[in-house]
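Below, each chain spelled out in residue letters.
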Amino acid sequence: MGRTGGPIVGNVTTPGGQRLPVFADVDTGVDDALALMYLLGCPEVQLAGIASTAGNVSVHQVCRNNLDLLQLCGVTDVPVSKGAEQPLSASLRTAEDTHGPQGLGYATLPAVDAQLTSYDAAEAWVRAARAHSGELIAIATGPLTNLALALRAEPELPRLLKRLVIMGGAFDYRGNTTPVAEWNASVDPESVWEVYAGWRAAWGDEEPTHLPLVLGLNLTEHIEMTPTILSRLAAAAECASTPLCESDERGTRSTAANPLIRVIEDAMRFYCEFHFDQGEGYLAHLHDPLAAAVALDPGLVRFRPAPVDVELTGTLTRGMTIADWSGRWGREPNALIGVEVDPDEFFDRFIERVAPLAKRLA
Ligand code: BDR
Ligand code: CA
């Protein structure tokens, strides 16, 4: 059983000491950036590729953020691919109000020369899945545009993965973009529909060996980063810094000498200000880093299986995700939905991984 009493899905060991191949599809974004830092801070992870998705900011800016962040972290061997510029059929909306003009709050990263892959993000999904057939752990923390396009190209993709963690949707919970829709689902609902519809189809008449692990706002909003936790992170990285405070002048910059802690603090300040303005307190929800943590240890969360679908046509409810807990649709489950998490355990793990990464860059 997992720590919250639910079943542990998968395992966290590395047979034979091999590193775990992980593929990340992100719309970087403050919390996506912290998810990437979490993965880069895991010695057992081999980041097999990063797909850049349009969402929080344009896909060009997401590519820039991914390349620059890797460089800041001293990583030069992770392929970054550009995804579609638009959702499958909707027009792109972006969220600079939430994530800042470049997607990283007040943080600025030194621009680098590194190149994107010659193939696009959908192809990157398929290549990574084939290269690590049955072993690849994937996370999707932005709109599902690239993943849907990858499924069109390779309908067997779900069978090639070991695990998929999706941050998206809101289950029995209000939205953060419309009254009922979460951001990632709301930006490209058609891609959500294609991914969930395509999942069981990959196995035909067979029972799927795994279902997507889905983290909605009902779960991720429990992951509240506070100035106190940020100070714990800086201290663990042995970096002097000035704690963030809601009475600080807006846009005050980090005094941290460590380049990664500085970026985190400058990014988080913007994100905390946004949450404060939403009436949620001087804190920020780390939706996407939870997906990174769950990718490596699903036991961190308790899940319940359910058939999931997304509203595509409702004039008031487009982008709303629905879990049919009571089986009224008569469909088989196509997802495991996160329903309980221990935030303290998450933040312990976050600091255990990101602080050493920061220390290495000092
Ligand atoms: C999701 O929306 C984005 O703004 C965040 O990066 C996260 O993936 C939360 O609704
Ligand atoms: Ca995101």
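What comes next concerns the included structure.

Reading the values: the criteria
Residues numbered from 1 in each chain as written. Chains lettered and ligands numbered in written order. Predicted model: local features only at pLDDT ≥ 70, side-chain atom pairs only at ≥ 80, totals over all residues. Heavy atoms only, no water. Salt bridge = Lys/Arg side-chain N within 4 Å of Asp/Glu carboxyl O. Helix = DSSP H or I, 4+ residues; strand = E, 2+ residues; numbered from the N terminus. Buried < 20%, exposed > 50% of the residue type's maximum accessible area, 1.4 Å probe, protein only. Donors = N, O, S within 2.8 Å, 3.2 Å for Na, K, Ca; no water. 1 Å grid on protein atoms, 1.4 Å probe; cavity = no way out; pocket = protein on both sides within 12 Å on 5 of 7 lines; lining within 4 Å. Points joined across faces, edges and corners; volume = space filled by probe spheres on them. Nonpolar A, V, L, I, M, F, W, Y, C, P; charged D, E, K, R; others polar. Phe/Tyr/Trp six-rings, centres within 6.5 Å; stacked < 30°, edge-to-face > 60°. Lys NZ or Arg CZ within 6 Å of the ring centre and 35° of its normal. Axes fitted to C-alpha atoms, helices over the stretch in contact; angles between N-to-C directions. Parallel < 35°, antiparallel > 145°, perpendicular 65-115°, else oblique. Left-handed = near helix turned anticlockwise from the far one by under 90°. Contact = heavy atoms within 4.5 Å. Expected span 1.5 Å × (residues − 1). Polar contact = N/O pair within 3.5 Å; in protein donor to acceptor, adjacent residues only side chain to side chain.

Glancing now at the pattern of salt bridges. Applying the stated criterion to the full structure yields 19 salt bridges. Between E194 and R152 there is a salt bridge whose closest N-O contact spans 2.7 Å. In this pair, E194 sits in helix α8 (residues 189-201) while R152 sits in helix α5 (residues 145-153), placing the two residues 42 residues apart along the sequence. Here E194 falls in the partly exposed class, since its relative accessible area comes to 22%.

Let's shift gears to the coordination of the calcium ion (ligand 2). Note on metal sites: the ideal angle is 109.5 degrees for four tetrahedral donors, and 90 or 180 degrees for six octahedral donors. The coordination sphere of the calcium ion (ligand 2) contains the protein donors D27 (OD), D32 (OD), D32 (OD), T141 (O) and D288 (OD), at a distance range of 2.2 to 2.6 Å. We note that the donor set of the calcium ion (ligand 2) lies within a single chain, spaced as D-x4-D-x108-T-x146-D. Of the two residues, D27 is situated in the loop between β1 (20-26) and α1 (30-40) and T141 in the loop between β4 (136-140) and α5; the sequence distance between them amounts to 114 residues. Judged by its relative accessible area of 0%, D27 is buried.

What follows deals with the layout of surface pockets. The computed volume of the largest pocket comes to approximately 410 Å³. Lining the largest pocket are 26 residues, and of these T98, N176, T177, W183 and F274 lie nearest its centre. At the level of secondary structure, the elements contributing two or more residues to the lining of the largest pocket comprise α1, α3 (96-99), α7 (183-187), α11 (259-277) and α12 (287-296). Residue classes in the lining of the largest pocket are distributed as six nonpolar, 11 polar and nine charged. When its volume is computed, the second largest pocket comes out at roughly 250 Å³. What lines the second largest pocket is a set of 15 residues, and nearest its centre among them are R19, V45, Q46, L47 and D77. For the lining of the second largest pocket, the secondary structure elements donating two or more residues are α1 and β2 (45-52).

The next subject is the packing of aromatic side chains. All told, the structure shown has eight aromatic pairs when counted by the stated rule. The interplanar angle of 10 degrees and the centroid separation of 6.2 Å between the aromatic rings of Y38 and F346 together place this pair among those described as stacked. With Y38 in helix α1 and F346 in helix α13 (residues 343-361), this pair connects stretches of sequence that are 308 residues apart. Of the residues examined, Y38 reaches a relative accessible area of 2% and is grouped as buried. We classify F346 as buried; its relative accessible area is 0%. Each ring, one from F346 and one from F350, has its centre 5.9 Å from the other, and the planes form 35 degrees; the classification is tilted. Taken as a pair, F346 and F350 lie in helix α13 at a separation of four residues, close to a single helical turn. Each member of the pair F346 and F350 is classed as buried. Taken together, Y38, F346, F347 and F350 form an aromatic cluster joined through their ring pairs. Sitting above the plane of the Y119 ring, R127 keeps its charged end 3.8 Å from the centroid.

This part is about the packing of α5 against α8. Taken N-terminus to C-terminus, the directions of α5 and α8 make an angle of 45 degrees; their axes are 8 Å apart at the nearest point. Looking at the two axes, α5 sits oblique to α8. Remark: the crossing between α5 and α8 carries left-handed chirality. Between α5 and α8, the residues in contact are T145, L147, A148, L151 and R152 and S191, E194 and V195, respectively. Looking at the contact of α5 with α8 residue by residue, the classes come out as four nonpolar, two polar and two charged.

Moving on: α11. Because an α-helix completes one turn every 3.6 residues, residues spaced three or four positions apart along the sequence face the same direction. In this model α11 runs 27 Å from its N-terminal to its C-terminal C-alpha over 19 residues, within 8% of the 27 Å that 1.5 Å per residue would give. In terms of burial, α11 is largely enclosed, as 15 of its 19 residues are buried. Put simply, N258 is the residue that caps the front of α11, since its side-chain oxygen is 2.9 Å from the backbone nitrogen of L260. Positive phi appears at G279, one or two residues downstream of α11, with a value of about 85 degrees.

With that settled, the discussion passes to α1. Counting buried positions along α1 gives 11 out of 11 residues, so the element sits mostly inside the fold. When α1 is considered as a whole, its buried residues turn out to be V30, D31, D32, A33, L34, A35, L36, M37, Y38, L39 and L40.

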